[in-house]
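# Survey of secondary and tertiary structure
Take a look at the letters that make up each chain.
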Amino acid sequence: MQTKIAIMAWYKILGRLVIFMIHIIPEPKSLFLQKGKGLFPFSANTALVNTALPQAAIEDFQKFLSQNFHFQLSKTAGDMQLSLTLSEEGNPEAYRMDISEKEISVTSAGEAGLFYALQTLKQILLSGGLEIPSLVIDDCPLYPYRGFMLDVGRYFYPVDEVKHFIDMMAVHKLNVFHWHLTEDQGWRVEIKKYPRLTEFGSKRSHTNFGHKSHGGFYTQDEVREVVAYAHSKYIRVIPEIDMPGHMQSAIACYPELSCFDRSLPVATHWGVKHDILCAGKESTYRFVCDVLDELIPLFPDGYFHIGGDEAVKMRWKLCPHCQAFLKKMGLKDEEELQQYFMSRVNRHLKEQGFTSMMWNWDSVEATEWLDRDIVWQMCGMPKNTQSEIMAGRRMVNSVSFPYYLDLPYGWFNLQKTYENTPEIPNIDETSAKNLLGLEAPLWTEYVPNMKKADYCTYPRLGAIAEIAWTAPQNRSWKHFLQKLDDYYRLLSACGVKHPATLKQAMPGTLRAKGYSLWFNRRQLHWAGLHNLIDDANVKRLASK
Ligand code: ACM
Ligand code: ZN
């Protein structure tokens, strides 16, 4: 204790240097020590007053205190207090925290801001201890969209694990949970009109990790439960039904959804599949709209992700339905057919008040067939990125190398991720506002359990949260590294058991090569041969 007070006194003399004692990720916009003021002793005698936050948000903080410090805040007013007050106007995610000897006073224009202040306070207590120096923190996010995506299609993650991801998002001040609900390898959400989707489509017979079977899905009640849970942490939920590609699990249930009514199993291994939804049959559009219509009431946050990635056009080129439709509509080629498909689904969603999102699939060159109001989630940077954003298209940056959490640290280490800021280069300031923010996807082809998920996600998510929240002038890689010991303590306090160590996240050349080779070998294994043989079969079928 003596040492701590001595250190604090020393820091008081040196003023702003105190920021190096208290480690917060993402770094706040500004943090100043109030000279000449003492310490706030945080204890069970601290009373919670003016709580403008609902019970669930308070409970989250009380639970943290119980688990880590073995006390809770008092509910009766006393000398020491923590007050959480809503102010009149401003950014509802921004907050001001003023700490003096007798009071921690938090104000924000929104509940989210007050909630974020409590997340900051958690980190102050963990890194600096219970004697808090008199600080003023002014904080607000750089981007309004700070997302994390979980692919539950390749591997199913049950509700409790999804909630744990949501807890961790809140700690990182992330505010969009993108729930990738369907994949070739599994359909994960109950659709009452098409019961086979979950009865049959949610199970695969084996996996690339040697499981003899794998499956699982969320009932609609469970979906409501997860959405309500996310809302209690000021996180919006964007569901994704990936189409027209990545639909083999649905085709396995209803073969008529594919171009040649193919009878296929739920995919067992990953790789880009060539059997996708047939865009030439009206029945396909009916199916898609039925599915969306059942899901719309479960997701009140106004955004729906409709996929669009890796839709190989091989079948469409051969399919009499697709070809007839393409001619009827006056479309130039199969790429335009996909743009028509995405726009038609977008319009259906728009009629019900939704904004659509889609991956900007490989080198897409948008034509007039692709609605401008569809938000692009960038997994690459095609050459028309600048012209599209300047023409008004909104975007979220998820470019694979820096932001895909599942890719090996040997391809893109922690520092490279941290230093890869999400701005779109060479655009004007007004257009820059069309970049809503960034999102870190966790694809799970090679992430079969929480152990691997922890390893992939942390500490990378800390770096991504900081570049999404903190303006470049207020942060640095060097300072981020200094904060990492406390960040690992935070992760442990929040129940993350298997994060990558700094050494794993920043591998030397040899180790990096090792990770990459392992990853590449697995990719190569499944991509080519099967598709080649299968394509020849379909060609034969089509020419009959
Ligand atoms: C993607 O990487 N399949 C969007
Ligand atoms: Zn077709």
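These figures come from a predicted structure and were not determined experimentally. (Residues numbered from 1 in each chain as written. Chains lettered and ligands numbered in written order. Predicted model: local features only at pLDDT ≥ 70, side-chain atom pairs only at ≥ 80, totals over all residues. Heavy atoms only, no water.)

## A look at the overall build of the protein chain
The helix and strand inventory of the protein chain stands at 21 helices and 20 strands. Relative to the 2.2 N^0.38 estimate, which gives 24 Å for 544 residues, the radius of gyration of the protein chain is 25 Å and therefore close to what a compact globule would have. Over its C-alpha atoms, taken along the principal directions, the protein chain stretches across nearly 85 × 50 × 45 Å. Burial status across the protein chain gives 60% buried among its 544 residues. Of the roughly 21600 Å² of accessible surface on the protein chain, 56% is carried by carbon and sulfur atoms. The average position of the 60 basic charges and that of the 61 acidic charges among the side chains of the protein chain differ by 5 Å. (Helix = DSSP H or I, 4+ residues; strand = E, 2+ residues; numbered from the N terminus. Rg over C-alpha atoms; globule rule 2.2 N^0.38 Å. Buried < 20%, exposed > 50% of the residue type's maximum accessible area, 1.4 Å probe, protein only. Areas by Shrake-Rupley, 256 points an atom, 1.4 Å probe, with all protein chains shown as cover. Lys, Arg positive; Asp, Glu negative; His and termini not counted. Charge placed at Lys NZ, Arg CZ, Asp CG, Glu CD.)

## A look at helix 18 (residues 477-493)
Taking 1.5 Å as the rise per residue, helix 18 with 17 residues should run 24 Å; its terminal C-alpha atoms sit 24 Å apart, in good agreement. By the largest-angle criterion, Leu484 marks the main kink of helix 18, which is about 45°. Within helix 18, the full set of buried residues consists of Trp477, His479, Phe480, Lys483, Leu484, Asp486, Tyr487, Tyr488, Leu490, Leu491 and Ala493. Elements in contact with the buried residues of helix 18: helix 2 (55-69), helix 3 (111-128), helix 4 (159-171), helix 14 (414-419), helix 17 (460-469) and helix 19 (502-505). Residue Gly495 follows helix 18 closely and has a positive phi angle near 85°. (Expected span 1.5 Å × (residues − 1). Bend = angle between axes of the 7 residues up to and from the residue. Contact = heavy atoms within 4.5 Å.)

## Concerning the sheet that holds strand 19 (residues 395-397)
Spatially, 9-10-15-16-17-18-19-20 is the arrangement adopted by the 8 strands of the closed barrel, whose pairing is parallel. In this sheet, adjacent strand axes meet at a mean angle of 30° when their direction is disregarded. Sheet topology note: the strand 16 (residues 303-307)/strand 17 (residues 355-359) ladder contains 3 bridges and is parallel. Among the inter-strand pairings, Phe304 is bridged to a residue of strand 17, identified as Ser356. Sheet strands touched by helix 8 (residues 282-295): strand 15 (236-243) and strand 16. Its angle to strand 15, the strand with the most contacts, is close to 165°. (Pairing = 2+ DSSP bridges. Axes fitted to C-alpha atoms, helices over the stretch in contact; angles between N-to-C directions.)

## Some remarks on the pattern of salt bridges
Tallied over the entire structure, the rule returns 29 salt bridges. In this structure, Arg154 and Glu183 form a salt bridge, with 3.3 Å as the shortest nitrogen-oxygen distance. Of the two residues, Arg154 is situated in the loop between strand 9 (145-151) and helix 4 and Glu183 in strand 11 (residues 182-183); the sequence distance between them amounts to 29 residues. Residue Arg154 shares its accessibility class with Glu183, and that shared class is buried. For Glu334, the salt bridge identified is with Lys317, shortest N-O distance 3.5 Å. Taken together, the positions of Glu334 in helix 11 (residues 334-351) and Lys317 in helix 9 (residues 314-318) put the pair 17 residues apart, joining distant regions of the chain. The class for Glu334 is buried, based on a relative accessible area of 12%. (Salt bridge = Lys/Arg side-chain N within 4 Å of Asp/Glu carboxyl O.)

## Some words on the coordination of the zinc ion (ligand 2)
Bound to the zinc ion (ligand 2) on the protein side are Cys259 (SG), Cys278 (SG), Cys319 (SG) and Cys322 (SG), at distances that span 2.3 to 2.4 Å. Its 4 donor atoms give the zinc ion (ligand 2) angles of 103 to 115° at the centre, a pattern that matches the tetrahedral case. The sequence pattern formed by the donor residues of the zinc ion (ligand 2) is C-x18-C-x40-C-x2-C. Pair noted here: Cys278 is in the loop between helix 7 (248-253) and helix 8 and Cys319 is in the loop between helix 9 and helix 10 (320-329), with a separation of 41 residues, a long-range link. (Donors = N, O, S within 2.8 Å, 3.2 Å for Na, K, Ca; no water. Tetrahedral: all angles 85-135°; square planar, octahedral: opposite > 155°, others 65-115°.)

## Describing the side chain of Glu294
Here Glu294 lies in helix 8. Within the buried set, Glu294 has no salt-bridge partner at all; the shortest N-O distance to an opposite charge, 6.3 Å, is to Lys192. At 2.7 Å, the side chain of Glu294 and the backbone nitrogen of Lys192 are in polar contact. Excluding anything up to four places from it in sequence, Glu294 contacts Glu190, Ile191, Lys192, Lys193 and Gln220. (Polar contact = N/O pair within 3.5 Å; in protein donor to acceptor, adjacent residues only side chain to side chain.)

## Things to note about helix 8
Side chains three or four residues apart in an α-helix point the same way, a direct result of the helix having 3.6 residues per turn. Here helix 8 contains 14 residues, and its C-alpha end-to-end distance of 20 Å stays within 8% of the 20 Å for a straight helix at 1.5 Å per residue. Within helix 8, 10 of the 14 residues are buried, which leaves it mostly tucked inside the rest of the structure. Restricting attention to buried positions, one finds in helix 8 the residues Thr284, Tyr285, Phe287, Val288, Cys289, Asp290, Val291, Leu292, Glu294 and Leu295.

## Topic: the confidence of the model for the protein chain
Chain-level statistics for the protein chain give a pLDDT mean of 93 and a share of 94% at 70 or above. Mean pLDDT across the elements of the protein chain ranges from a minimum in helix 1 (residues 2-13), with 40, to a maximum in strand 10 (residues 176-180), with 99. Counting interchain partners and residues more than four positions distant, the pLDDT-below-50 stretch residues 1-20 has 31 contacts. (pLDDT = per-residue confidence, 0-100.)

## Some remarks on the environment of Ile427
Along the polypeptide, Ile427 turns up in the loop between helix 14 and helix 15 (429-432). Here Ile427 falls in the buried class, since its relative accessible area comes to 19%. Considered as a pair, Ile427 and Ile389 are 38 residues apart in the sequence and their alpha carbons are 8.1 Å apart. In this view, Ile427 contacts Gln386, Ile389, Met390 and Ala432; residues no more than four positions away in its chain are not counted.

## Digging into the sheet that holds strand 8 (residues 135-139)
The 6 strands are arranged 1-8-5-6-4-3 in an open sheet whose pairing can be described as mixed. Edge strands, defined here as strands with exactly one partner in the open sheet, are strand 1 (30-33) and strand 3 (46-49). On average, each strand axis in the sheet is tilted by 10° relative to the strand beside it, whichever way the strands run. The sheet contact formed by strand 1 and strand 8 spans 4 bridges and is antiparallel. Paired with Phe32 across the two strands is Val136, which belongs to strand 8. In the packing of helix 3 onto the sheet, contacts are made with strand 4 (80-86), strand 5 (95-99), strand 6 (103-108) and strand 8, and the angle to strand 5 comes to roughly 45°.

## Notes on the side chain of Thr284
Structurally, the position occupied by Thr284 is in helix 8. Separated by 2.8 Å, the side chain of Thr284 and the backbone oxygen of Cys278 make a polar contact.

## Details of the nonpolar core
One finds Phe42, Leu121, Tyr157, Trp179 and Ile241 to be the most contacted residues of the largest nonpolar core, which totals 157 residues. Of the residues forming this core, the biggest block, 10 residues, is contributed by helix 3. Leave out the neighbours within four places in its chain, and Trp179 touches Leu150, Val152, Val162, Tyr218, Val223, Val226, Val237, Ile238, Pro239, Glu240 and Phe299. Membership of the second largest hydrophobic core comes to 9 residues, among which are Met149, Trp270, Cys379 and Leu407. (Core = buried A, V, L, I, M, F, W, Y, C linked by side-chain atoms within 4.5 Å.)

## Observations regarding the pairing of strand 6
By the alternation rule, side chains of strand 6 split into Ile104, Val106 and Ser108, which are all buried, and Glu103, Ser105 and Thr107, of which none is buried. Where strand 4 and strand 6 come together, 6 bridges link them in parallel fashion. Looking at the pairing, Ser83 lines up with Ser105 of strand 6. Connecting the antiparallel pair strand 5 and strand 6 is a turn made up of 3 residues.

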